[in-house]
Amino acid sequence: MSVKYKAVFFDRDGTINVKLPEDRYVTKWEEFEFLPDVFDVLRTIKLRGYLTILATNQRGIGRKLMTEQQLEEIHRRMQNTLALNECPFDLILYCPHDIKDNCSCRKPKPGLLIRAEKYYPIARERSYMVGDSASDIEAGRLYGVHTIRVGTWDGAADYSVMKLKDILKIII
């Protein structure tokens with residue numbers, strides 16, 4: 001029997017960092033701002049034995065508003081900051097496609113979460129998807145993990161919390 005890992009998948013914009021207004025994208029590090037409690041939440045979840053995996057749609061690439069190199073530089077600097085706070089993501093996955101591309105990796109489809117299994121066997125029944133949008137919740141539901149909506153109540157999610165730190169009452 002092979003070991004399976006419990007994991008917490010996180011959306012990025014609006015969950016880990018401040019989401020810019022509609023149709024604006026974080027295209028450089030100077031526009032990236034961590035939300036409150038991110039370091040404590042990620043550190044605690046890692047200490048509880050979970051993998052932390054970032055699963056983010058980055059449509060700005062598909063719309064030619066940024067390059068994959070720009071995104072990778074933002075993620076490199078994000079990871080450096082998280083590492084200084086002892087909580088880097090174990091894996092970062094992103095979808096670079098626009099909605100019209102109809103790819104399998106853009107949430108609400110579960111392709112990004114499925115892709116994580118190329119790196120780690122995931123114990124879905126013991127794992128979670130955390131995000132601020134309906135597409136995050138739908139991706140998690142289709143993948144077969146527990147879902148937590150942050151920032152608003154969502155009847156489609158297994159759980160809803162107003163603040164990111166409140167997920168620590170759910171993910172034990």
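Worth saying up front: this structure is predicted, and the values here are computed from it rather than measured. (Residues numbered from 1 in each chain as written. Predicted model: local features only at pLDDT ≥ 70, side-chain atom pairs only at ≥ 80, totals over all residues. Heavy atoms only, no water.)

K.L.:
Whenever I open this one, the side chain of Lys107 confuses me. Can you help?
P.N.:
Its place among the elements puts Lys107 in the loop between β3 (91-95) and α4 (111-115). Ignoring anything within four residues of it in the chain, the contact list for Lys107 reads Asp11, Ala55, Thr56, Asn57, Met129, Ser135, Asp136 and Ala139. (Helix = DSSP H or I, 4+ residues; strand = E, 2+ residues; numbered from the N terminus. Contact = heavy atoms within 4.5 Å.)

K.L.:
For this particular structure, what's the right way to read unusual backbone geometry?
P.N.:
Trans is the common state for peptide bonds, and a negative phi is the common state for residues other than glycine. With omega at 25°, the peptide bond leading from Lys107 into Pro108 counts as cis. Mapped onto the fold, Pro108 is located in the loop between β3 and α4. One non-glycine residue, Lys64, lies in positive phi territory at about 60°. If you trace the backbone, Lys64 turns up in the loop between α2 (59-62) and α3 (68-84). Backbone geometry at Glu86 places phi at a positive 60°, although glycine is not the residue there. Owing to a relative accessible area of 60%, Glu86 belongs among the exposed residues under this scheme. (Buried < 20%, exposed > 50% of the residue type's maximum accessible area, 1.4 Å probe, protein only.)

K.L.:
Would you take a moment to explain the sheet that holds strand β1 (residues 7-10) for this structure?
P.N.:
Backbone hydrogen bonds hold the strands of a sheet together, and the pairing may be parallel or antiparallel. Here six strands make up an open sheet; going across it, the order is β3-β2-β1-β4-β5-β6 and the pairing parallel. Strand pairing shows two members of the sheet lacking a second neighbour, β3 and β6 (159-161), which therefore form its edges. Shown here is a sheet whose adjacent strand axes are inclined to one another by a mean of 20°, direction ignored. The pairing of strand β2 (residues 51-57) with β3 spans five bridges and is classified as parallel. Paired with Ile53 across the two strands is Leu91, which belongs to β3. In this fold α3 packs onto β2 and β3, with an angle of close to 155° to the strand it touches most, β3. (Pairing = 2+ DSSP bridges. Axes fitted to C-alpha atoms, helices over the stretch in contact; angles between N-to-C directions.)

K.L.:
Can you help me understand the pairing of β2 in this one?
P.N.:
Residues in a regular strand point their side chains to alternate faces of the sheet. With respect to burial, β2 is a largely interior element, seven of its seven residues being buried. When β1 meets β2, the two strands line up parallel, connected through four bridges. Paired with Phe9 across the two strands is Ile53, which belongs to β2. Chirality of the crossover, the property in question, places the unit of β1, helix α1 (residues 38-47) and β2 among those that are right-handed. (Right-handed = clockwise from strand over helix to strand, strands pointing away.)

K.L.:
Quick question: what am I supposed to make of helix α5 (residues 134-143) here?
P.N.:
Structurally, the α-helix is built with 3.6 residues per turn, so residues lying three or four positions apart point the same way. Residues of α5 that are buried: Asp136, Ile137, Ala139, Gly140 and Tyr143. The buried residues of α5 all sit within an arc of 160° when viewed along its axis, so they share a single face. (Arc of directions from axis to C-beta.)

K.L.:
Where do I start with the packing of aromatic side chains in this structure?
P.N.:
Centre distance and the angle of the planes are the two values used to describe a pair of aromatic rings. Inspection of every chain in the model, using the stated rule, returns eight aromatic pairs. When the ring of Tyr5 is compared with that of Tyr120, the centres are 5.6 Å apart and the planes differ by 75°; the resulting orientation is edge-to-face. Of this pair, Tyr5 sits in the segment before β1 while Tyr120 sits in the loop between α4 and β4 (128-131); the two residues are 115 residues apart in sequence, bridging distant segments of the chain. A residue is classified by how much of its surface remains accessible, and Tyr5, at 35% relative accessible area, is partly exposed. In this arrangement the basic side chain of Lys6 is found over the ring face of Tyr50, its NZ or CZ atom lying 4.3 Å from the centre. (Phe/Tyr/Trp six-rings, centres within 6.5 Å; stacked < 30°, edge-to-face > 60°. Lys NZ or Arg CZ within 6 Å of the ring centre and 35° of its normal.)

K.L.:
Mind showing me how you'd approach the pattern of salt bridges here?
P.N.:
Where charged atoms from two side chains of opposite charge come close, those side chains can pair. Summed over the entire model, instances satisfying the criterion amount to 13 salt bridges. The partner of Asp136 in a salt bridge is Lys107, with the nearest N and O atoms 2.7 Å apart. On the criterion of sequence distance, the pair formed by Asp136 in helix α5 and Lys107 in the loop between β3 and α4 is long-range, its members being 29 residues apart. Assessed through its relative accessible area of 1%, Asp136 is described here as buried. Of the residues examined, Lys107 reaches a relative accessible area of 3% and is grouped as buried. Here Glu138 ties to Arg141 by a salt bridge, and the two come within 2.7 Å at their closest N and O atoms. Here Glu138 pairs with Arg141, and both are found in helix α5, just three residues apart, close to one helical turn. Taking the relative accessible area as the measure of exposure, Glu138 reaches 27% and is therefore partly exposed. Overlapping salt bridges, with partners in common, bring together Asp11, Lys107 and Asp136 in one network. (Salt bridge = Lys/Arg side-chain N within 4 Å of Asp/Glu carboxyl O.)

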